[in-house]
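Survey of secondary and tertiary structure
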Amino acid sequence: MMKCITDFISRCRHLLTALVYAAFVLLICYMLGNSTFSFGEDKVIAQRLHIIKSVFSNKVDFSSEDLLPVNIAYDKQLIDWTDEYGLPVGKVAITDRSALLKFLQIAKETGTYKYIMLDVFFEEGIETPVDSALFSLIAGMDDIVIPAHKDIPLADSVLISKQGYADYGTSVLDSDFGKYRYVHNELPSMSLKMYTEVTGSEFKQWGPFVFCNGKLSRKCLFPKFKINPGNNFYTPEGDKVFYNLGTDLLSYSEGIDYATLLKDKYILIGDFTENDIHNTYVGDISGAYINYNAFVDLMDGRQHVHAWELITLYIIYFLIAFFLLKHLSIFQYLPFMKKVSSPIWRIIFSWCGFSLLLTIVSAAMYLIEGNIYDVLAVSTLFSLLSTGLEVYQTLKS
């Protein structure tokens, strides 16, 4: 019996090794996808494919029927400011908290809204006369989330239960926004907190794996930015893209039916035009809209890893590994490649070949379901396998 098993393994060693190696590469691919940072050219691929898609489709969704965007960029108040030694240095402008208090009171009284994403940070040490009333109101409201930032404490502990993480990861090579992170050290992001409270969904992590309602999922995504007002204040039809808090919603409050205006709306409050603007692969967009688009992606189910994705990638990775193990290489089929004898150049050409193939696969996946897969790391894994096999054959002979 043991001899039969040994003979089978000997005859099928290439097949079995390819199966195992493909599973290993797929696991690495998933783990890298759950990393905040962009390790390869996946962000560049997303940017170029977005441009290509824009050529064939000029449609832009400035807003949606269930969204009420409220811009607070022009609602400011001055407060006294001190330096690090507590000495007064003048005044600084912050978001008008009296205006926020008034609008949130109206929203709570009407009680017709779905959820409020309040992208205004209340930092410790910045105080106004209405803070106690404002913070108590927020703490007592249902269906509202406010931002939290790393190593910056909130102004009041009563706000802790309402916070969602709002920072995004950067690297030495890329300081712009890339992927959206839904969980940071077990603290949900603003969009994830909003999603779980709106839908009652569960988002859990087990080792390197993330599950949403029991389905294998991702905890980082390149947002699709379905809702993107860009630099527009009005739609081509002349409708407002967003409301300015003071001038549009509070100055003429007597003539506004707030119950109807807020009915079944997701209310997005943030700075859309001035200070909270970030560079993304689709261009400049405000932080509030980044968070809201990440919520929209969750509602669309983009966090789920579908079986067809895993099967497709696994088959591709298996075929690459199997052909390498069977010593079937591009160097055998292209005449000019046969003349390449330098090990270094063979590694470089091998890596470029894998990169090209995997870039095509990644582009196809993006066009089908909007997700980008790491190319650099996966290409490197197959290039290392190819090089290792060549070195082994050389030493063996």
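Quick caveat: nothing in here was measured; it's all calculated off a predicted structure. (Residues numbered from 1 in each chain as written. Predicted model: local features only at pLDDT ≥ 70, side-chain atom pairs only at ≥ 80, totals over all residues. Heavy atoms only, no water.)

Quick look at the nonpolar core now. Formed by 41 residues in total, the largest nonpolar core has its most connected members in Tyr-182, Leu-268, Tyr-289 and Tyr-292. Listing elements by their share of this core, those giving two or more residues are β4 (115–118), α6 (190–199), β11 (209–212), β15 (266–270) and α9 (287–299). At 8 residues, the largest contribution of residues to this core is made by α9. Beyond its immediate sequence surroundings of up to four residues, Tyr-182 is in contact with Leu-187, Pro-188, Ser-189, Ser-191, Leu-192, Lys-219, Cys-220, Leu-221, Ala-294, Asp-297 and Leu-298. With 33 residues, the next largest nonpolar core counts Ile-138, Met-141, Leu-249 and Leu-261 among its residues. (Core = buried A, V, L, I, M, F, W, Y, C linked by side-chain atoms within 4.5 Å. Buried < 20%, exposed > 50% of the residue type's maximum accessible area, 1.4 Å probe, protein only. Helix = DSSP H or I, 4+ residues; strand = E, 2+ residues; numbered from the N terminus. Contact = heavy atoms within 4.5 Å.)

Attention shifts here to the sheet that holds strand β1 (residues 67–71). Across the sheet, 6 strands lie side by side as β6-β5-β4-β15-β1-β14; this open sheet has parallel pairing. In the strand order of this sheet, the two ends are held by β6 (163–165) and β14 (243–244), each with one partner. Bridge analysis of β4 against β15 gives 4 bridges, and the strand direction is parallel. When the bridges of β15 are listed, Ile-116 appears paired with Ile-267. α6 contacts β4, β5 (144–148), β6 and β15 of the sheet and is inclined by roughly 170 degrees relative to β4. Contacting β1, β4 and β15, α9 crosses the sheet at an angle of about 155 degrees to β15. (Pairing = 2+ DSSP bridges. Axes fitted to C-alpha atoms, helices over the stretch in contact; angles between N-to-C directions.)

This part takes up the layout of surface pockets. Considering only enclosed or pocket space, the largest pocket measures out at about 640 Å³ in volume. What lines the largest pocket is a set of 26 residues, and nearest its centre among them are Asp-119, Val-120, Phe-121, His-149 and Asp-276. Those elements that provide at least two residues to the lining of the largest pocket are β3 (88–95) and α9. Of the residues that constitute the lining of the largest pocket, the class distribution is 13 nonpolar, 6 polar and 7 charged. (1 Å grid on protein atoms, 1.4 Å probe; cavity = no way out; pocket = protein on both sides within 12 Å on 5 of 7 lines; lining within 4 Å. Points joined across faces, edges and corners; volume = space filled by probe spheres on them. Nonpolar A, V, L, I, M, F, W, Y, C, P; charged D, E, K, R; others polar.)

Once that is clear, we can look at α9. Here α9 spans 19 Å end to end across 13 residues, near enough to the 18 Å set by a 1.5 Å rise per residue. Most of α9 sits out of view: 12 of its 13 residues are buried. Within α9, burial applies to Gly-287, Ala-288, Tyr-289, Ile-290, Asn-291, Tyr-292, Asn-293, Ala-294, Phe-295, Val-296, Asp-297 and Leu-298. Following α9 by one or two positions, Gly-301 has its phi on the positive side, about 80 degrees. (Expected span 1.5 Å × (residues − 1).)

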